[in-house]
Amino acid sequence: MSATTAAIPVEVQPSYDGVRRLTDRLAAPLSPEDQTVQSMPDTSPTTWHRAHTTWFFETFLLDPALDGYQTLHPGYGYLFNSYYEAVGPRHARPQRGLITRPGVAEVSRYRAEVDVAMDDLVRRGLPAEIAPRFDLGLRHEQQHQELLVMDIKHVLSCNPLFPAYGPLPWAGPAGDGERAGWHAFGGGVVEIGDEGTAFAFDNEGPRHEVLLRPFEIARRLVSCGQWRDFIDDGGYHRPELWMSDGWGTVQADGWRAPLYWHDVDGDWQVYSLAGLQPLAPETPVLHVSWYEADAFARWAGGRLPLEAEWEAVAPRPGAGDGDHPAGGWYGAAWQWTSSPYTAYPGFQPAAGAVGEYNGKFMVNQQVLRGSCLATPPGHARRTYRNFFPPSARWAFSGLRLARDLA
């Protein structure tokens, strides 16, 4: 295994040690108390993320492949299984914050012991039938690194003192990176989905053809200043802009602005990883639901792009050019699309428990594309299909507009 802890470059296979150490670096600024809290049913404690990603390697690689392996504690499988029904029963997700033991030190010991066993397994050589799970485990932990940041931001935001988490271990984009305007696409048949040349999650394939009508897509993400204009124009009080479910959610939950926006003496301030900050009008808006993104697009005279439209236009991460830089498409905000999260034609989940990874969630969710400031370096792909329920707001989610062309 590599001992590097440097940022993972685009298109480079992440190392086991690098991924595992990055998770611990993300947890390092947090106290044991911080790491135990669950602020809502959709979030998980930091200790749970650190333990669950360890359980994944233990369950899907060490148990089937390393003779004589014994887990540190027989109850950890029950505590740290997420949703794998085929593996066995598990602790209820909304109650993860009630688990104070194992604590931070015990979870660190668990991670260390599994790392030693994984080092032994890798040196012996991974059996061919489980080798793909090693790569999946690395990408799975990268997903949980982003979730860890999402979740702890929500936890800390519940503190009326608005404490800062601090800077991430990698440098995020200073802004969108794109100039204003629109990128036109003449339509036609395009191919989207996994090309089979590098790692991809199962939901990114099979590659297939899609017919697109002529459209244009905004070069820049919607900004906080534009969203402030939407608020000032009564956007949260105009039912004609909203889907029925969205309007019901606005009324029931009292939404009047994106998550983490606070009206302080008549001025908007936004809670960020750096604490409460004055609204920066030029920065991309974050933490809006699909319902809000859809309503804003209607107010702005546009619409949300189809995920196939997004993929047809977006450059590869890090591969932009002077006319079409990649910075605005990755690393700032996940971007809602109008596409429901469903299976691509010909999709078949893998056999066994790992087949539960994505396929069984293909209902009542919307697709997001790109990546965000909390996405670990090297984890973004043009074909990546993120997904959340349309009411979700704690993800680093924003939007760009699209319009039909005659």
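Along each chain, residue indices are assigned from 1 in the same order as the chain's sequence is written. In view of the model being predicted, local features appear only for residues whose pLDDT reaches at least 70, and side-chain atom pairs are presented and counted only at 80 or more, with totals across whole chains, interfaces and linings using the full set of residues. Working from all heavy atoms in the structure, the side-chain values ignore hydrogens and water.

Asks: Help me out: how do you make sense of the sheet that holds strand β9 (residues 366–371) in this one?
Replies: Hydrogen bonds along the backbone pair up the strands of a sheet, which may run parallel or antiparallel. Strands were regarded as paired on the criterion that DSSP finds at least two bridges between them. Helix and strand definitions follow DSSP, with helices as H or I runs of at least four residues and strands as E runs of at least two, each counted in order from the N terminus. Read across the sheet, four strands follow the order β10-β9-β8-β11 without closing on themselves; strand pairing throughout is mixed. Taken across any chain shown, the strands that pair with only one partner, and hence form the sheet edges, are β10 (386–388) and β11 (397–398). Pairing of strand β8 (residues 333–340) with β11 involves two bridges; the strand directions are parallel. Each residue of the ladder has a partner; that of Q335, found in β11, is G398.

Asks: Would you take a moment to explain the pattern of salt bridges for this structure?
Replies: Opposite charge on two side chains makes pairing possible when the charged atoms of those side chains draw close. A carboxyl oxygen of Asp or Glu within 4 Å of a side-chain nitrogen of Lys or Arg is what we treat as a salt bridge. Scanning the entire structure with this criterion turns up 25 salt bridges. For R20, the salt bridge is made with D115, and the minimal N-O distance between the two is 2.8 Å. Separated by 95 residues along the polypeptide, R20 in helix α1 (residues 16–27) and D115 in helix α4 (residues 104–124) bring together distant segments of the chain. The partly exposed category is assigned to D115, whose relative accessible area is 22%. Beyond isolated ion pairs, a larger network of salt bridges with shared partners links R20, D24, R50, R111, D115 and E141. Think of it in three bands: residues with accessible area under 20% of the maximum for their type are buried, residues over 50% are exposed, and the middle band is partly exposed, with areas taken using a 1.4 Å probe on protein chains only.

Asks: So what exactly am I meant to see when it comes to the sheet that holds strand β12 (residues 402–404) here?
Replies: Overall, antiparallel pairing links the three strands, which are arranged β1-β4-β12 in an open sheet. The open sheet has two edge strands with one neighbour each: β1 (182–185) and β12. If you compare each strand with its neighbour and ignore which way they point, the axes differ by 20 degrees on average. In the sheet, strand β4 (residues 215–218) pairs with β12 via three bridges, with the strands oriented antiparallel. Axis definition: a line fit to C-alpha positions, over the contact stretch in the case of helices; interaxial angles, taken between N-to-C directions, run 0 to 180 degrees.

Asks: Teacher, can you tell me more about the pairing of strand β6 (residues 267–272) here?
Replies: Looking along a regular strand, one sees side chains alternate from face to face of the sheet. Here strand β5 (residues 261–264) pairs with β6 via four bridges, running antiparallel. Within β6, the position partnered with W261 by the bridge is V270. The turn joining β5 and β6, which pair antiparallel and follow one another in sequence, is formed by two residues; a positive phi near 55 degrees is taken by D265. Taken together, the four bridges between β6 and strand β7 (residues 275–278) define a ladder with antiparallel strand orientation. Of the residues in β7, the one forming a bridge with Y271 is L276. Linking β6 back to β7 in an antiparallel pair, the connection comprises two residues.

Asks: Help me out: how do you make sense of the state of the cysteines in this one?
Replies: Chemically, a disulfide is nothing more than a covalent bond linking the sulfur atoms of two cysteines. Any cysteine sulfur atom paired with another within 2.5 Å is treated as part of a disulfide. Applying the stated rule across the entire model yields zero disulfides. No disulfide involves C224; its nearest neighbouring cysteine sulfur is the one of C372, lying 15 Å away.

Asks: Sorry, what's going on with the packing of aromatic side chains here?
Replies: Here a ring pair, both rings aromatic, is described through the centre-centre distance and the interplanar angle of the planes. Only the six-membered ring of Trp is used, alongside the rings of Phe and Tyr, when aromatic pairs are assigned; centres must lie within 6.5 Å, and planes under 30 degrees apart are stacked while those over 60 apart are edge-to-face, with the rest tilted. The final tally for this structure, using the stated rule, is 33 aromatic pairs. Judged by centre distance (5.4 Å) and plane angle (75 degrees), the ring pair of F388 and W394 falls under edge-to-face. The two residues F388 and W394 agree in class, both being buried. An aromatic cluster is present here, built from W55, F56, F60, Y83, Y84, Y341, F361 and F387 joined pairwise through their rings. Over the ring of W48 we find R96, and its NZ or CZ is 3.6 Å from the ring centre. The cationic tip of R393 hangs over the ring face of W255; the distance from NZ or CZ to the ring centre is 4.2 Å. For a Lys NZ or an Arg CZ to count as sitting over a ring, it must be within 6 Å of the ring centre and within 35 degrees of the ring normal.

Asks: For this particular structure, what's the right way to read the side chain of R139?
Replies: Summarising the element assignment, R139 is placed in helix α5 (residues 131–157). With residues up to four places along the chain from it excluded, the contact list for R139 reads Q13, P14, F199, F201, G378 and H379. It only takes one pair of heavy atoms within 4.5 Å for two residues to be counted as in contact.

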